[in-house]
Each structure stands twice: as C-alpha cells, then as structure tokens.
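Structural features, examined
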Amino acid sequence: MLIGILLLAACSGGDSEKASSDGANNNGENPAKDRGNELVIGVSGDPQNWDPIDTFLLDWSTIATSVFEGLVDRTLDLEIQPGLAEKWEYVDDKTLQFKLREGVTFHNGEPFNADAVKYTFDRLLGEEGAKGPQQANYLSIDHVEVVDDYTVNFHMKEKDPVILTKLAGYGAVIVPPKYIEEKGDDHFNTNPVGTGPFKMTSYERDQQVVLEKNENYWKKDIPKLDKVTFRVIPEASTRLAELQTGKIDIMKRVEVSQVNTVKESSFLELKEVATPTAFSLRFNTNKAPLDKIEVRQAINYAIDKQAIIDEILGGFGKPISTFQSELSFGNNPDLKPYPYDPEKAKELLEKAGVEEGTELEVFIPGNDGNFKEIAQAVAFYFEQVGLKLNINSVDSNTLTSDLIPNGKAGHMYRQGWGGWTLDFDNTAYLMYHEGEFWNPDFKDEKVEELLAAERSTVDQEEREKIFMKLTERLHELAPEVNLYSAVDLYAVNERVKNFQPPHEDRMRLGNVTVE
C-alpha cells in the first residue's frame, strides 16, 4: 500500500507535463541557436516592487542581484568576498569600518561613495525601512558614520556575529541618494537604479523584465552578455513548453514530473543545486499530546523521510537532522535524522499514554502540490502506528501570517525556511527563541541559554561549539519533524555557457556567455 501511495504521488501531474511537449522540438535542431548575444530566462513570479527594503521574496533576488550590489558579496559557492567595499575590520568591539571601492558609479551616473552608504542605511533603519520586512535583519546597527569619501564606520548597538553575511543579503544593497530624492520612492519601486553589471531598461509587471549591459561596470570585461530578459511564466508546464520551442534559454523551478522530458531533449540540460531551504512539520508543543517529548519523538520515528525524498521528490532533496541544510553554519554533521522505526514509535506512544485512533490536525498551504502529496504519505505512516491525521489546506499567506503566529495551525503545520544568512542563528533564533513571531509556543531554558551564548561572541569557532550543543538539544526535544532540505532544478539550453545555478536563487550572470 505504501509503495502504491508514494508512486502515485510521484507520478501525479505527469500526463499534463507530457502533453505540454506535444509538437516540441525535442530531438531536432536547437530552436534558440540564432538568438544572438542575449539570454531569455523563464521565472515563476514577479516581486511587484524593486526597492530592496520592501521585499524578502526570492523572485526579487533572482533578477535584482544583477542590478544592485552591497558592500559585501558572496561567490556562487557562497564564500564571503569584497563587493562595493574593498576591505573591512573591527576597530573596536562595536565599530566595523569599511574601506569603499573608488571609481564606481550608479547606472544614472551618480557617484558611489560614503554618502551613498550612509543614505542607504539611514533609509533602511528609518521610517521608510520600517514599512518593509528587511529592517528587522539590521537592527543591530545603531548608525553609519562617514569618516571620509570612501570610509564608513558602522556603529553597532550590540555584537552581531552574522552582520557580514547579512550585509551580503539583498536588503543591504546600496541605493542612489540623489536619484531617490529627486524621483521619489514610488518611481524607484518600478525603475530601480544600482551599480550592478546590468541596468533595468524595461519592466512590464507580471510579464517581463529587460536588463541591458552596464557599459561602465567597475569589473573589467564583465558582463559578457548584451541583454537579459526575464519572462514571468507562473505555470511550470508553460515554462517547459517555451523552453522546448526555444523561446526561453533557462527555465527556473523545473518540477519533478518534468525531469525526464528535459533529460530526453537533445539540446537541454538539467542542472540541480542544493539550497539552504529546509522543510519540516512543526509541532504546536502546547497542544496535547504533542506537549510530551515522547510523542514528538514517536512521530519522528513513524515517518520514513528517505522514502518521501526518493519517491515523491524523485531524489531531489537531502535528509536533515535539524531545521537547516548542510550549507548552514551550525549544521551538526554528527547528528543523524531519526530513523524510520514504527515499532519504536508505537512503544513511545504507549509509554506516553496515547490511545489508538487519536486524531491530529495538520495545516499545509493549498498551493504546494508537492507538500500535499507528502502530507498524504505522512497520514499513511500515522495509520501504521495507530494515529489519524486530518489534512487542512489553507491559503499560504493566511497560514504564515495568521494561523502559525497565533497558534491556530492545528497540532502541526508545514514550515519552510530559506536560511538566507547561511548561519543557523537566523533560523534558530526566530524559530526557538521564546515569543518570536513564528514561535508562539515552544520554549526551553537550555535552548535560551545557548541562543544567548552564540550571539554574545563573534568568535566563529566558539559559536560552532555552541551550535553543536544547541542542535543536540533540539534533536532531543524534537519540536518538529525535519523532512528535507530542498534541491532546486533548472533546465538550460546548451547554447548557454558558464551558467551555475545559485544555491539561494540569486542568479549571477556576469560571466555567462552564449553560443
């Protein structure tokens, strides 16, 4: 029965994807070979707003990473490197000094300098920034001081061991003061200006974004392409059809049911990449019987996470022991996920006094087809240990903005987390610190002590030791079932060269070429 359920889940949607390829040029001449020195990319969403302080959407970062830059950058392999700042150092415990790169201009010709950095962070930390979601990530910064034209001091309210990786995030990219003051915030929302390798020359909401080469870019011989067009195509089947007929060169978010179609093409290549995004079934630890550690552990033993990865996700997922991926600083390689052991689960449920047939409620977002299939598999596993799972599908925004923070998302709910800082601090503090927005119920004194300890030092070796203790404690307490970290899939036309899929959605296209 289990094999049947998983196989049906894995195959769902396959017929529609097969149908989308009818008439497509799968084995003939490359239909995009004459496009010229430009690239067309199919993406699933439009962030609606290009102001970096107004969004936390990955759809923004996919495109705007080519338009904006921060003081600090990440390589495609996620290593911190200089960006608009050439170097930095702590001049004392709470003062971080940056030496800025000279000779850089914004796309409108405005100079990049210390005043632009100060303006950016005054805006981010002020009234305008308070309207958006990014400000909360940077509240450890008290203010930015201009030392000279190309030197700034960041005065910190408190030690922040993750500040550099936050400054490599897209909320901290540098914006042009004169342009925003003259044109206004509303204009900037749809006509962004940065210092990046491409400038945005056209934006048609929910349709397409056109980027063109920045001829005055400060990096030598970059970018290689003259033009990049991002086409907004919400439906995966339509994106695939456009890729097959040569109307786009790169397809983002290939679905598992589409993998074989891509592999069978003579001119397409499937690329996969590990991501920091983790998925779990999070427990409401205030609700009986999940207020008992034995019950939470039992449910972890009851679910075969590897079978879900293999059969529903087609192998495109990675097992996790805590709520973070292997890319996260703080991941504990010595911890293993709870093994599949239904007999152990029954034993723990009996010990906790849970009666056979006990019903539990799970809430999942209605627009996540994969997770609906996962929830159905979980319901089957529950039956094998004497539990009944009732699945509730709700609007995604309602789930994350109302039900979860107010403790109304049943006994458990789907929790996805992007892990964008690549440091467990961001996940752990917001998920397990008492009173946080997305943590209405879980609390543990030892966890609180460890969270405070890792934030009290910038010594990474010391923080890593603390994280090992924290992950061991969380693994024991089992506040969720950690299911998998996501693997993203891209389909790429063979004419595209030097394209590396990003781990965190931020496409870097400076060195990409086409044939």
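Details of the structure are given in the entry above.
Report follows, based on the coordinates. (Residues numbered from 1 in each chain as written. Predicted model: local features only at pLDDT ≥ 70, side-chain atom pairs only at ≥ 80, totals over all residues. Heavy atoms only, no water.)

Quick look at the overall build of the protein chain now. Within the protein chain one finds 18 helices and 19 strands. Considered along the principal axes of its C-alpha atoms, the protein chain spans approximately 70 × 65 × 35 Å. Here the protein chain holds 515 residues, and the buried ones make up 56% of them. Residue pairs in contact within the protein chain that sit at least 24 positions apart in sequence constitute 71% of those at least 6 positions apart. Surface exposure of the protein chain reaches about 21,700 Å², of which carbon and sulfur atoms provide 44%. Across the protein chain, 55 positive and 89 negative side-chain charges occur, with their mean positions spaced 2 Å apart. (Helix = DSSP H or I, 4+ residues; strand = E, 2+ residues; numbered from the N terminus. Buried < 20%, exposed > 50% of the residue type's maximum accessible area, 1.4 Å probe, protein only. Contact = heavy atoms within 4.5 Å. Areas by Shrake-Rupley, 256 points an atom, 1.4 Å probe, with all protein chains shown as cover. Lys, Arg positive; Asp, Glu negative; His and termini not counted. Charge placed at Lys NZ, Arg CZ, Asp CG, Glu CD.)

Before going further, it helps to examine the environment of Ala-302. Considering the arrangement of structural elements, one finds Ala-302 in helix α11 (residues 293-302). Expressed as a C-alpha distance, the spacing of Ala-302 and Asp-341, which sit 39 residues apart in the sequence, is 6.0 Å. Residues within four places of Ala-302 in sequence aside, it is in contact with Tyr-340, Ala-345, Tyr-381 and Val-385.

Relative to each other, helix α16 (residues 424-432) and helix α18 (residues 460-477) sit at 40°, their axes nearing to 12 Å. Relative to α18, the element α16 is oriented oblique. Once α16 is placed against α18, the crossing between them reads as left-handed. Across the interface between the two elements, Phe-424, Asp-425, Ala-428 and Tyr-432 of α16 pack against Arg-463, Phe-467, Leu-470, Thr-471 and Leu-474 of α18. Here the residues of the contact of α16 with α18 sort into 6 nonpolar, 1 polar and 2 charged. (Axes fitted to C-alpha atoms, helices over the stretch in contact; angles between N-to-C directions. Parallel < 35°, antiparallel > 145°, perpendicular 65-115°, else oblique. Left-handed = near helix turned anticlockwise from the far one by under 90°. Nonpolar A, V, L, I, M, F, W, Y, C, P; charged D, E, K, R; others polar.)

Of the residues making up helix α9 (residues 236-244), those classed as buried are Ala-236, Arg-239, Leu-240, Glu-242, Leu-243 and Gln-244. Where α9 terminates, the next one or two residues include Gly-246, which has phi positive at roughly 80°.

Inspection of the entire model under this criterion finds 29 salt bridges. Across the pair Asp-425 and Arg-455 runs a salt bridge, and its minimum N-O distance is 2.6 Å. Here Asp-425 is found in helix α16, whereas its partner Arg-455 is found in the loop between α17 (445-454) and α18, with 30 residues between them in sequence. Given a relative accessible area of 29%, Arg-455 falls into the partly exposed group. Counted as one network, the salt bridges with shared partners bring together Asp-423, Asp-425, Glu-454, Arg-455 and Arg-463. (Salt bridge = Lys/Arg side-chain N within 4 Å of Asp/Glu carboxyl O.)

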